[in-house]
Every structure is written in C-alpha cells, then in structure tokens.
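# A closer look at the structure
Here are the chains, one letter per residue:
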Amino acid sequence: MGEALRVGLAGLGTVGAGVVRLLSDNAEPVAQRAGRPIHVVAASARDRTRDRGVDLDGIAWEDDATALAARDDVDVVAELVGGSDGPALTLARATLAAGKPLITANKAMLAHHGFELARSAEGAGVALRFEAAVAGGVPVIKGLREGMAANRIRHLFGILNGTCNFILSRMEAEGGGFADVLAEAQALGYAEADPGFDIDGVDAAHKLALLAALAFGTRPAFGDVEATGIRHVIAADIAEAAALGYRVRLVGVAEAATGGLFQRVHPHLVPLSHPLAHVAGSTNAVVAEGDQAGRLLFQGAGAGAGPTASAVVADLIDVARGQAGPVFALPADALAEATRADGAERRGRAYVRLTVQDRVGVLAEIAAAMRDAGVSIETLVQRGPATDEGGALVAIVTHDGPERCVAQALERLRGSQSLTDAPMWMPILA
Ligand SMILES: NC(=O)c1ccc[n+]([C@@H]2O[C@H](COP(=O)([O-])OP(=O)(O)OC[C@H]3O[C@@H](n4cnc5c(N)ncnc54)[C@H](OP(=O)(O)O)[C@@H]3O)[C@@H](O)[C@H]2O)c1
C-alpha cells in the first residue's frame, strides 16, 4: 500500500463531518480501492469549539481555510464550505494556484466560476472534481463525463432539487397548500430557513448549468438558465394534474436547439407513465439521452451526509489513484461559449391555469385569446369556486404546439378584468 493521501478539509458541516465519519467507518475498503489510505490531516470551520459528533483528534486546525492550501502536509483540498464567492472561491483559487487538486461539493461556485477554475486546474495539471455538487450520492457527473464519453448527447433533464421535490410530493399526498407544506418542510429540516435558492429554482439551475457543460461541451453558463421555481404552484394545480394523469415536478431541461443551447428549470406536468413521476420526496434523478447508449436514468439520494460524503470520497479516491483529466469532459480551452437558445421556439403540450371571475363570457374571452394566439385546446376544465372570493379555476391542456403561442395567449389575458390572479403555465414533459 502506498503513502497516505493527506486531505485538508474546509467545512465541517453536514458534508464535511460526513466525510470525516465515512473515512473512519470505511477506512479499509477506501484504502484498498485507492491503493493507499486517505487521511484528513487539517481542517477549518468557523467555530473551533463546536461538537460535530466526529473524532477530530490528531487533525490540525486552521482558522483561515485558505491556509489549508499552503500547508506542506496537505496533498489535496476538499472545499465543503459553500457559497458562490467568498471563502470557498478564495480557497479554490489558492489550492489550484498551489498546484494541488481540489474536490468540491459547491455547485454555486462552479456554476459561476467553473470555467476559470477548470482552466486553472488543467493548467496546473491537477484534478478538479465535483461529483457531490449534483445529485448528492448519485454518480451522474462520472456517468456523463466518463460513462457517456463516447456519445453525442442531445437532451438531458432531471429532478435536481430535493427540497422542491419533497414539497411537491407532500402537497400531492396531503392536498396541502404551498406555504403550509413549506413550513412543514422547514420544521423537518428538509428546507432552509431562507428557502429562496431552492424554491425559486436557483439551486437546480446551478446544477443544470454543470450537467449541461458536461453533456454539451460548453462552458458552464448559469446566466443562460431560465429559472422558475415552485412558489406559484397551488394545491389546485396538483389536484388538476392528478385528475388528468400527471404529477407536478420541478424539472431542469438542457438541450441542443436551433441557435444554441436551451437551459430551463421550470415546474412541469409529468405523465404518470414517466419514470420522473415516481421520483418522490428528496430523491434526485437525471435522464440523459445519448445517441449510442440511448436513454440512461441516474437516480438516488440527492443530499444528506452519507450520500454526499460518498461522492466526495469517490473523488478523493480518484485523486489518490493519480487521476486528473479534463474537468468538464473536454479540455477547458475547447469548451464552447454556447449561445443561449430561445425557448419560445420549443414545441410541446402545455398546462395553463387561470383563476377567473365566475361570470358569463369569461370562457369565451379565454377561448378567443387562445385562438388568436394560435393555441389549440385539448382539454378545458372549469371548477368553482376556486378562491375565497368565489372565483373559478380554469385548467387547460393544449395540443402540441410552439410555446411561443402559449406565452402570447397569456400575454393577451394578463391585463384582463376577468382574471383574479396572474395566469400560470407549465410545460408537459413528453
Ligand atoms: N448538505 C447536503 O446534503 C449537500 C448536498 C450536496 C452538496 N452540498 C454542498 O456542500 C457544501 C457544504 O454544504 P453543507 O450542507 O455541509 O453546509 P453546512 O452544514 O452549512 O456546513 C458549512 C461548513 O462550512 C463552514 N464554514 C463557513 N464559513 C467558513 C469559513 N469562512 N471558513 C471555514 N469554514 C467555514 C461552517 O463552519 P461552522 O460549522 O463552524 O459554522 C460549516 O462547518 C455546499 O457547497 C453545499 O451546496 C451539500
């Protein structure tokens, strides 16, 4: 067995403490597979005195995480602090500048600075690995980068945020409203006190930007991801979807389109016959379609100490074996700067929900707006009263057509006196 790989660990929260525990619990199989033991030799967090439920004896302490990069006894740094900038980015840059490999679980940092960091890592000839950054314990990064390396990928989509999936699954099971179920998720620890990043689709957009870079050979471009979260999904949407044979899921989609790369996170209606409809609770799932491998589904626990540490340590094992290679499947300098494709040119079926005054002529007005925009209606259901004020709910499923037409129809209706609330639409996953 070779000499130990010496790790500098920044962050001792859920993931960092999980890594310390895993390296202790599974020391033997990890060392066998890595060809050498893996030891944490130095660590950093904000509060040195906090009990983290793991044994930190013999591990040196640094108040300033950046100092880990400069230590002579550290071979590789694991950044498990989080945040797109700040101490995580300072440490990442310092580690690569020191010519040391970097492991990170930080999707926010990579979605914003992934290209710069990939160039630094490849320039220094060291590994930058981020398996834990997307879908927790599910090896989807390796799957795309290595397993699907021989394929052209045209289409990729998935459920990338466990908090949203938990909330939508709970709304479905209990018939509860969004605000109540969010409060319950926060009480159970499934949602942060400040849940904005999750429920507004930002976290899923970070992950989608990384998956798209791997799948399409482009620089990660978080700014090109259209992100709409689940705040505006109401209990009636879930009920209508169920009545029509669908479930509501927050889905990230990336696909090669005319004019560039299309990337969007948006709540979708998913047919019950689709595997993603059965991804419940905090589970994540990614589907990638390769021209040779066909459709592959990666699914499993998207978060939590064990699954995420499993991904971090798998990356450490790669480093212990001396593996480096391109960060995003292609050498960084070969990554294209993708043009953002306009989603309006996409086609598909859509669900539209309108809350309206319960009076004569409203349905005719809606039908006219749809007709004028060129939207063909497959199903229209009106139910009332849908609101405390006695309004009615109109749920429409359209035939296959350009999304642009649905957007135009909603634009026509937006200022209407007949509507009691903003209209809401969701694509239907094919
Ligand atoms: N939790 C998951 O299931 C999961 C899944 C996938 C990816 N991730 C990613 O993994 C990373 C860590 O997440 P987490 O859930 O473990 O977060 P966390 O529980 O909040 O832990 C963050 C850790 O960073 C430390 N820290 C904060 N500022 C620091 C600084 N300036 N210098 C040194 N340490 C500092 C904190 O110290 P104190 O403990 O002293 O406050 C804490 O130990 C994030 O990028 C996250 O997106 C998490």
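Residues numbered from 1 in each chain as written. Predicted model: local features only at pLDDT ≥ 70, side-chain atom pairs only at ≥ 80, totals over all residues. Heavy atoms only, no water.

### A word on the site of the ligand
Not every one of the 23 residues close to the ligand is listed here, only the nearest: Leu12, Asp47, Arg50, Arg52 and Gly304. The backbone of Val15 places a nitrogen or oxygen atom 2.8 Å from an oxygen atom of the ligand. Contacts to the ligand include Arg50, whose side-chain N or O atom sits 2.7 Å from an oxygen atom. Considered on its own, the ligand offers 910 Å² of accessible surface; in the complex 78% of this is hidden by protein. Tallied by class, residues from the shell around the ligand come to 10 nonpolar, 8 polar and 5 charged. (Near = heavy atom within 4 Å. Polar contact = N/O pair within 3.5 Å; in protein donor to acceptor, adjacent residues only side chain to side chain. Areas by Shrake-Rupley, 256 points an atom, 1.4 Å probe, with all protein chains shown as cover. Nonpolar A, V, L, I, M, F, W, Y, C, P; charged D, E, K, R; others polar.)

### A look at the pattern of salt bridges
Applying the stated criterion to the full structure yields 30 salt bridges. Across the salt bridge formed by Asp318 and Lys142, the nearest N and O atoms sit 2.4 Å from each other. Highlighted residues: Asp318 in helix H12 (residues 305-320) and Lys142 in helix H6 (residues 140-147), separated in sequence by 176 residues. According to the relative accessible area criterion, Asp318 is buried, its value standing at 2%. Three or more residues joined by partner-sharing salt bridges are found here, namely Arg129, Lys142, Arg145, Glu146, Asp318 and Arg321. (Salt bridge = Lys/Arg side-chain N within 4 Å of Asp/Glu carboxyl O. Helix = DSSP H or I, 4+ residues; strand = E, 2+ residues; numbered from the N terminus. Buried < 20%, exposed > 50% of the residue type's maximum accessible area, 1.4 Å probe, protein only.)

### Some thoughts on the sheet that holds strand E4 (residues 76-79)
The strand order across the open sheet built from 6 strands is E3-E2-E1-E4-E5-E6, with neighbouring strands paired in parallel fashion. Each of the sheet's edge strands pairs with one partner strand only, and the pair in question is strand E3 (60-61) and strand E6 (128-129). Across 3 bridges, the pairing between E4 and strand E5 (residues 102-104) is parallel. Residue pairing for E5: Ala78 is matched across the bridge by Ile103. (Pairing = 2+ DSSP bridges.)

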